Amino acid sequence: MNSTGPASGYQTYGRPPGPDRSARNQSAARRTAITICTVADVAAGVLGLWIVLYLLDANQANPFVEFVHGTADWLSGWAQDIFTMDTEGLRVVLNYGLPAVIYLVIGHGIAARLNRA
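It should be emphasised that the depicted structure is a prediction, and the values quoted were computed from it without experimental measurement.

### Describing the pattern of salt bridges
Right, on to step 1. Scanning all chains against the criterion turns up two salt bridges.
Right, on to step 2. For Asp81, the salt bridge goes to Arg91, with nearest N and O atoms at 3.5 Å. Of the two residues, Asp81 sits in the loop between α2 (63-75) and α3 (88-116) while Arg91 sits in helix α3, which places them ten residues apart along the sequence.
Right, on to step 3. Accessibility expressed as a relative area gives 47% for Asp81, which makes it partly exposed.
Right, on to step 4. Classification of Arg91 as buried rests on a relative accessible area of 16%.
Right, on to step 5. Between Arg91 and Glu88 there is a salt bridge, with its nearest N and O atoms 2.3 Å apart. One end of the pair is Arg91 and the other is Glu88, both in helix α3 and three residues apart, which spans about a single turn.
Right, on to step 6. Among the residues examined, Glu88 registers a relative accessible area of 34% and is labelled partly exposed.
Right, on to step 7. Each of Asp81, Glu88 and Arg91 takes part in one network of salt bridges that share partners.

### Observations concerning unusual backbone geometry
Glycine aside, residues mostly have negative phi angles, and peptide bonds mostly take the trans form.
Right, on to step 1. Here Asp57, not a glycine, exhibits a phi torsion of approximately 55°, which is positive.
Right, on to step 2. Position of Asp57 among the secondary structure elements: in the loop between α1 (19-55) and α2.
Right, on to step 3. Judged by relative accessible area, which is 68%, Asp57 ranks as exposed.
Right, on to step 4. Even without a glycine there, the phi angle at Asp81 is positive, about 60°.

Rules used in this analysis
- Numbering of residues starts from 1 in every chain and runs along the sequence as written.
- The predicted origin of the model limits local features to residues at a pLDDT of at least 70 and limits the giving and counting of side-chain atom pairs to 80 or more, whereas totals for whole chains, interfaces and linings rest on all residues.
- The side-chain values count all of the structure's non-hydrogen atoms but skip hydrogen atoms and water molecules.
- One side-chain nitrogen of Lys or Arg within 4 Å of one carboxyl oxygen of Asp or Glu is enough to make a salt bridge.
- Elements are defined by DSSP. Helices are runs of H or I of four residues or more, strands are runs of E of two residues or more, and each kind is numbered from the N terminus.
- Buried residues are those whose accessible area, probed at 1.4 Å on protein chains only, stays under 20% of the maximum for their type, while exposed residues exceed 50% and partly exposed ones sit between those limits.

Okay, structure coming up:
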C-alpha cells in the first residue's frame, strides 16, 4: 500500500505510516516491560536483602542497614503485620517476603502482557 499522495514523495496525513510504526511500538513496549521488570526486581531485592540482614543479625546502627530497613519498611508498608508470629525471624520473613513475591509476580506479569501486545 502506498502512503504517498498525488505528487510523488509527499506523505498523506491521516494514515499511519507502514510497518515502521508497528516496530516502533513493539520496541517501546519492550523497553517499558524491561523497566517494569527492573523496578519489580529491585524492590524484591531490597526486601530480600533486609530479610537476610535481619536473619544474620546485622548491626542496625549501620547507615547501610538503616537505609535498607527504611526502604524495605516503605516498600512493604501495606503488608506490615499481616502475620503475627511469636518467632520474630519467621514474622520478618513472612511480612517482608510476601510483598517481595507479590512485586515479582505482578511486575513480571505486567511485563509479559506488554511483550505479548
